[in-house]
Amino acid sequence: MNENILIQLSILNIILPLFGFVLLIFFGKRLPKSHLFEISTIFVGLVSSSIVSFFKLNYFEDKLIVFDFRWIDFGNVPFFGNLGINIGIQLDNVSVIMQLTVFIVSFVVHLFSIKYMEGDPRYSRYFAYLGLFTFSMLGIVLTHNFLMMYIFWELVGLSSYLLIGFWFEKKSASDAAKKAFIVNRIGDVGFFLGILILYANYHTFTFSEIFGQIAQGNLPFNSGAWLTAAGILIFCGAIGKSAQFPLHVWLPDAMEGPTPVSALIHAATMVAAGVYLVARIFVMLTADAMLVIASIGAITAFISATIAITQTDIKRVLAYSTVSQLGYMIMSLGVGSYFFAFLHLITHAFFKAGLFLGSGSVIHAMHHEQDIRFMGGLRKKLPITYYTFLIYTLAIAGIPFTSGFLSKDGILGGTLAFAKLTGYWFFPVVGFFVAMLTAFYMFRLVILTFHGEARDIHKFEHAHESPATMLIPLISLAVLSVFIFFSPNPFNIEAGWFYKWIETPKTIVPQELAFSFMINESNTSHNIIHSELYTETLHHSHSTAMILSLIMAGLGILFAFVIYQWRLISADKLSIKLQPLYNFSYNKWYFDELYSKTAVAFTLGLSNFLAWFDQKVIDGIVNGTATITRWTSFSSGKFDNRVVDGLVNWTAYVTGFFGMVFRKFQTGKVQTYLVMVLTGIIILFFIFKSL
Amino acid sequence: MTVGLNHFLALSAVLFSLGIYAVLTRKNAIQVLMGIELILNSANINFIAFAHYGNFGLTGQVISLFVIILAAAEAAIALAIVLNIYKQYSTVNVDEIDGLKE
Amino acid sequence: MSGIPYLTLVTFLPILGMIIVLLIKSEKIQLIRITAAIVTFLQIVIAALMWSKFNFSAAGINDQSSFQFVEKVRWIEIKNLADWIGTVKIDYFLGVDGLSMPMVLLTALISFLGVLASWNISKGIKGYFALYLLLDTGMMGSFVALDFFLFYVFWELMLLPMYFLIGIWGGPRKEYAAIKFFIYTLFGSVFMLLVMLGLYFSTYEILPDGSKVYTFNMLQMMNPVNYSKEGLLSPFNPNNLRFIAYIFLFIGFAIKVPMFPFHTWLPDAHVEAPTPISVILAGILLKLGTYGMMRISFPIFPEITNQLAYWIAVFGMINIVYGALCAMAQKDFKSLIAYSSISHMGYVLLGMASLTTQGMMGALFQMFNHGTITAMLFMIVGVIYDRAHTRGVNDFGGLALQMPVYTGITTVAFFASLGLPGLSGFISEAFVFLGAFSNETIRILAIISTLGILLTAAYMLWTMQRIYFGKLNPRWENLPDVNKLELAALSPLAVVVILFGIYPSPMLNLMNTSVNKLVEIVVNGQVTFSNLSALIK
């Protein structure tokens, strides 16, 4: 097993889902059971990516395996020499783990969809799109350059568009698809501009080459401000894809897509891409850029958690919880704890996929009822769904012995250490508060859905446990949400292999632009990239964070039980008492209304105005010119007719007049003529006589 | 009172005037022709008179003879024309014969 | 020059086809159509042959020896016409380089597919195809002519058939649209004619016998050495006439592009023109404007190009953003696409104005891509208009259920148009931005222009939603999906769009040597041309 084989397998992994997509698009309707073919490509990919991960992580642990080729050649560019664009893939520990995660989640989602989507008229198309989605995400994960990242980034946008709008007959679905694509594009424009800054300076897209240049002190346009700008602009892409404030509005609407799609989008493919991107550019982030990123992450986590506590649609609660968890990851990257952000990305991928598939199972059982106010008591009807769902909920709430505990605790510890070193206490405060909210709304969801009495008896009667193809994914994801897969010690991730593999990369920005704790002067041992002070502070914060986060999670769970299980406090009364706050939260802080009244209305108004302007003013000038020309020609025609031609006619008239006069003399009578001759002679006589 | 050159010339002038008058005023083509004859004869008288009183030899008489012959020929042709005109127009009234107008 | 005269063949083959069409009895409709299809297909074959024989490392631009498939014959020669004119000498001078070769390929491809799209033209078929083929010759000739006079002849040759094709086979307001198109374009040509004559009387060519004559040869005009000292448009001349001439020439080309504010003929012409003529108009004709700038304005007036590049970019930016915003407000599917054309041609202007290899290459590639993508979009409009006899965007809905294949192709075209990576439009737009952003003076314009990406996505998806998504309007329950012929016209374009989106190198390698040379000429030209006038002062 050498490097080349790993590369070839990875390329195969990327192409396999695409192949499935192409096959299903063209022959999906003609081939019987064509979806099985697509699923098998994903399965092959799963196996092969496991092989790749295994060998990469065990035998080429510290090696960056790169494959690239010249995609576009600019030839001998004047003043620059030979330029071109290389594309390719790179295998490092991060990318192989992410690749495996994508395949795992994608495979379980495929498996789950077999039954869930049964009977849909566009069954094969659905699987085709899933394949395209997986393909796009793999491109993002494995690429070694910004251009390809952007390309697949947009392809993810396309696949999400197709899948969110899969039931395009519904206006809400096609609206949501459109919204998702356009909102993502806003972020993408920023991402693209960020790439442009880098390309304009380094004439390459490849990560390693760009980072190499920056590491040599070769800053974009020789200024640290531009480096910060590049970092923030590229981060804009992540704001869009990972649904960060202020572009988070598309994600809850994206629930219009089929539920397994939500699982895919929210867990491993789309939203993860943003976090992954920030992780990729982590090394070139300046202190200012990191602060911006951390703030955006914290604000997002807070806003969406506050919204999630009042939502009644099971998928929307989960959607806002995703936004909130993504905010955590982004914040974590912003405060410099790269490792925990990535860990949370992976652990979250599994338990969030599980949550969505679990909700899919519930929705399937309830015949497409999504409102939790009409559920309740489903624990008896759907035992397996319930217990797996509970495991995921514990994980997302950060309860020990789950994977979520390890990662969330790490993130909170990271913010605490950051605050201690830099004085930004905002981040840990928000972090812990959100941890409580998370525990609260997740248990609220569990209690309202599975506990208590059935509120809609009719639907409850007909509810039934999902078939095996839907339960196997749920169980396997639940298993993956247990600590053991990440670390043998449920309270310390540093004991695990994950910690060994994922190494926080060393920042390359010049010292004066970076946080001082990010720079390790001594450069002694593995995985100690940060300064020793930071490492020490992190260790100290770790136990504090663990205790604090447990307290917060416990509080959240307690509140949930007090209000919804034991009903010691009435939820309705509470909501009436806090009416303005409740409404504010229930209406999602009025973001949609704000945007549609401002940005959307402005754009549409401007476009209508310009269309009017174009037709009336610009074209009016053109037509006006034509009219003036016509008028001029008309008047000059009149002049020609009256004056110029008049003169000619007048001459003729005068001639005619004289003709009229003189014709009188011509009588035809010889005698008259003779008289004239005689008269003439007489006149002549007198004339000549006088001479 | 002797008859001198002036008397002949006066006679000739009267005859000429009468001839012109006839040519210009008569309606009948024959009368017009007669007028022409008068004019010719007035010319003849002039020739003879100058021949007699002048020193020109026989030239005057000879020319007169020519004129008489010409007048005869002319009368013949003119009458033929008048006849043809009559055939064409059924009239010899020169006022009605205005074909030259066309 | 040796062997087969490829360029003459590829240019005049349609004329031959026209003659054949004219000889066929007008009742034999099918025969006429097939003749036109065969002729245009042969054009593709020849163009493809040329592509296969093309030397990718020859630059062309201002050097006759590195042009390919050159044909140069004395065409018109009048000895000592008048004292002040001297000997008039016009060459039949054809040749291609990396700038024109992609356009030749595009013209051949679109012309053939246009014939397929013309299959259901029902009125005056003989006249239609005769004019169509004449138009084809005009376009092809403009792309391969290297003598300014010849270029002008071909340029004008396109006008007349276009006028009749819109004016006779067009929609309800066809007369208005045809006359507007004709007069507007003619207005531009007059400016061009002036500049052409000005250049003619300023440049000399030295004949083999040593005598000097005025010349229409574009390549000679690109070399300052060939200018006479007292020539009107000579760089030696200290007057500013070259500046004015450049603006004149630019207006002539800008009308064709069409550039804001000279663009209003385009929506009218498109809306009224029959589908295949819209395809030709958007697919090929518009490219002549930007091609003319790259082929003529830039290398002949490099110093002024440098001076005015900023303003070209400004207009490019206006085109992008303004066109997109106007497109968003359109209610007619076809005029929406027409405005999107304006927006997309803005990228070409922006890319050219960057004066960088990436930008120019992006511009040239965008010309090709816009040709294929917009051709597709207009055919798509044609398909729906043929069936429903309406083009109102709001009249439809839910067509995705009724016409799945059609919707699939539309999706490809729409996403290509909004610059989705993996489809060809992305590559060219990305290059344009790479170039524009690298040029410091127009960086801010590039940043504003990125709004165009966003707006294009918005109106394209909105249109998509209004026409194809939602519940099926019962009025359209009987619309059949695309037929084989329409599929035959649309799918080659889809293939090209996808192919060049994934692997654009075959096309880009065709261009890069020439584009690099052009950039070098323009950027260095600032020095050479400006120094000359300084020397004189």
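Residues numbered from 1 in each chain as written. Chains lettered and ligands numbered in written order. Predicted model: local features only at pLDDT ≥ 70, side-chain atom pairs only at ≥ 80, totals over all residues. Heavy atoms only, no water.

Asks: What exactly am I supposed to notice about the overall build of chain A here?
Replies: Along its length, chain A carries 26 helices and two strands. Taking 26 Å as the expected radius of gyration for a compact globule of 691 residues, we find that chain A reaches 38 Å, considerably beyond that expectation. Counting only C-alpha atoms and orienting by the principal axes, one finds that chain A spans roughly 155 × 70 × 55 Å. When the 691 residues of chain A are sorted by exposure, 59% land in the buried category. Contacts in chain A between residues far apart in sequence, at least 24 positions, make up 78% of those at least 6 positions apart. Accessible area of chain A: about 27,300 Å², with a carbon and sulfur share of 68%. One way to put it: in chain A the 43 positive side-chain charges average out to a point 14 Å from where the 38 negative ones average out. (Helix = DSSP H or I, 4+ residues; strand = E, 2+ residues; numbered from the N terminus. Rg over C-alpha atoms; globule rule 2.2 N^0.38 Å. Buried < 20%, exposed > 50% of the residue type's maximum accessible area, 1.4 Å probe, protein only. Contact = heavy atoms within 4.5 Å. Areas by Shrake-Rupley, 256 points an atom, 1.4 Å probe, with all protein chains shown as cover. Lys, Arg positive; Asp, Glu negative; His and termini not counted. Charge placed at Lys NZ, Arg CZ, Asp CG, Glu CD.)

Asks: Please explain the overall build of chain C as it appears in this structure.
Replies: What chain C contains, in helices and strands, is 19 helices and four strands. Principal-axis analysis of the C-alpha atoms gives chain C an extent of 75 × 60 × 40 Å. Sequence-distant contacts, at least 24 apart, represent 79% of the contacts inside chain C between residues at least 6 apart. Only carbon and sulfur atoms are counted for the fraction: they give 67% of the accessible area of chain C, which is about 16,700 Å².

Asks: What is the right way to read the interface of chain C and chain A from this model?
Replies: Interface size is commonly expressed as the accessible surface area that is lost when the partners come together. With 64 residues of chain C in contact, the opposing surface of chain A contributes 54 residues. For the chain C and chain A pair, buried surface summed over both sides reaches about 4,900 Å², with 73% attributable to carbon and sulfur atoms. When the buried area of chain C at its contact with chain A is split by residue, L434, F437 and Q465 of chain C rank highest and sum to 11% of it. The shortest N-O distance in the salt bridge between D619 of chain A and K180 of chain C comes to 2.5 Å. At the junction of chain C with chain A, the criterion picks out 20 residue pairs in polar contact (both at pLDDT 80 or more). For the side of chain C that touches chain A, the element with the most residues is helix α17 (residues 443–468) of chain C, which contributes 13 residues. Among the residues making up the side of chain C that touches chain A, the classes are represented as 42 nonpolar, 17 polar and five charged. (Buried area = accessible area lost by both parts, 1.4 Å probe. Salt bridge = Lys/Arg side-chain N within 4 Å of Asp/Glu carboxyl O. Polar contact = N/O pair within 3.5 Å; in protein donor to acceptor, adjacent residues only side chain to side chain. Nonpolar A, V, L, I, M, F, W, Y, C, P; charged D, E, K, R; others polar.)

Asks: Explain the environment of D120 of chain A here, please?
Replies: All names here are of chain A. By secondary structure assignment, the location of D120 is in the loop between α3 (93–116) and α4 (123–142). Given the relative accessible area of 14%, D120 is considered buried. With 207 residues separating them in the primary sequence, D120 and G327 have C-alpha atoms 35 Å apart. Dropping the residues within four chain positions of it, D120 is found in contact with F166 and W167. A polar side-chain atom of D120 sits 2.9 Å from the main-chain amide nitrogen of R122.

Asks: Teacher, can you tell me more about the arrangement of the chains here?
Replies: The top pair by number of contacts, from a total of two pairs of chains in contact, is chains A and C. Between chain B and chain C there is no contact; the minimum C-alpha to C-alpha separation amounts to 55 Å.

Asks: Help me understand the interface of chain B and chain A, please; the structure alone is not making it clear to me.
Replies: Facing the 13 residues of chain B at the interface are 10 residues of chain A. Both faces combined, the contact of chain B with chain A buries some 870 Å², and carbon together with sulfur accounts for 60% of it. Summed over the three residues of chain B that lose the most area to chain A, namely L24, L100 and K101 of chain B, the buried surface amounts to 55% of that side. Counting across the chain B and chain A interface gives zero salt bridges. In the side of chain B that touches chain A, the residues fall into seven nonpolar, two polar and four charged.

Asks: Explain the nonpolar core here, please?
Replies: Soluble globular proteins: nonpolar side chains tend toward being buried together. Grouped together as the largest cluster of nonpolar side chains are 464 residues, with contacts concentrated most on F146, W250 and F342 of chain A together with F148, F298, F333 and Y468 of chain C. Counting residues per element, this core draws most heavily on helix α13 (residues 357–388) of chain C, which supplies 18 residues. Beyond its immediate chain neighbours, meaning those up to four positions away, F298 of chain C contacts Y246, M293, T305, I312, M352, L355, M360, L518 and V522 of chain C. Counting eight residues, the second largest nonpolar core, distinct from the first, contains V23, V32, I39 and V82 of chain B. (Core = buried A, V, L, I, M, F, W, Y, C linked by side-chain atoms within 4.5 Å.)

Asks: How should I be thinking about the confidence of the model for chain A in this particular structure?
Replies: In regions of low pLDDT, the predicted coordinates are not meant to be interpreted in detail. Of all residues in chain A, 98% have pLDDT values of 70 or greater, and the mean over the chain is 85. A low-confidence stretch, residues 524–528 of chain A (pLDDT under 50), is modelled with eight contacts involving residues beyond four sequence positions or located in other chains. (pLDDT = per-residue confidence, 0-100.)

Asks: How do you make sense of a nonpolar patch on the surface when you look at a structure like this?
Replies: All names here are of chain A. On the surface, I547, L548, I551, L555, L558, F559, W566, L568, I569, L574, L578 and L581 cluster together to form a nonpolar patch covering roughly 1,100 Å² of accessible area. Looking at the nonpolar patch element by element, the count peaks at six residues for helix α22 (residues 532–565). Turning to its location among the elements, I547 is positioned in helix α22. (Patch = residues over 30% accessible without salt bridge, like charges linked within 9 Å, V, L, I, M, F, W, Y side chains within 5 Å.)

Asks: Is there a simple way to think about the pairing of strand β1 (residues 65–77) of chain A in this case?
Replies: Regular strands show a simple pattern: their side chains alternate between the two faces of the sheet. Residues and elements named next belong to chain A. The pairing of β1 with strand β2 (residues 81–91) spans 11 bridges and is classified as antiparallel. The residue of β2 that forms the bridge with N76 is N82. Hairpin connection, β1 to β2: the antiparallel pair is bridged by three residues, and F79 has positive phi, about 75°. (Pairing = 2+ DSSP bridges.)

Asks: Help me understand the side chain of H270 of chain C, please; the structure alone is not making it clear to me.
Replies: Residue and element names in this part refer to chain C. As for its placement among the helices and strands, H270 is situated in helix α9 (residues 265–272). The buried category is assigned to H270, whose relative accessible area is 0%. Among residues more than four places away in sequence, those in contact with H270 are S278, L281, A282, K334, A338 and F378.

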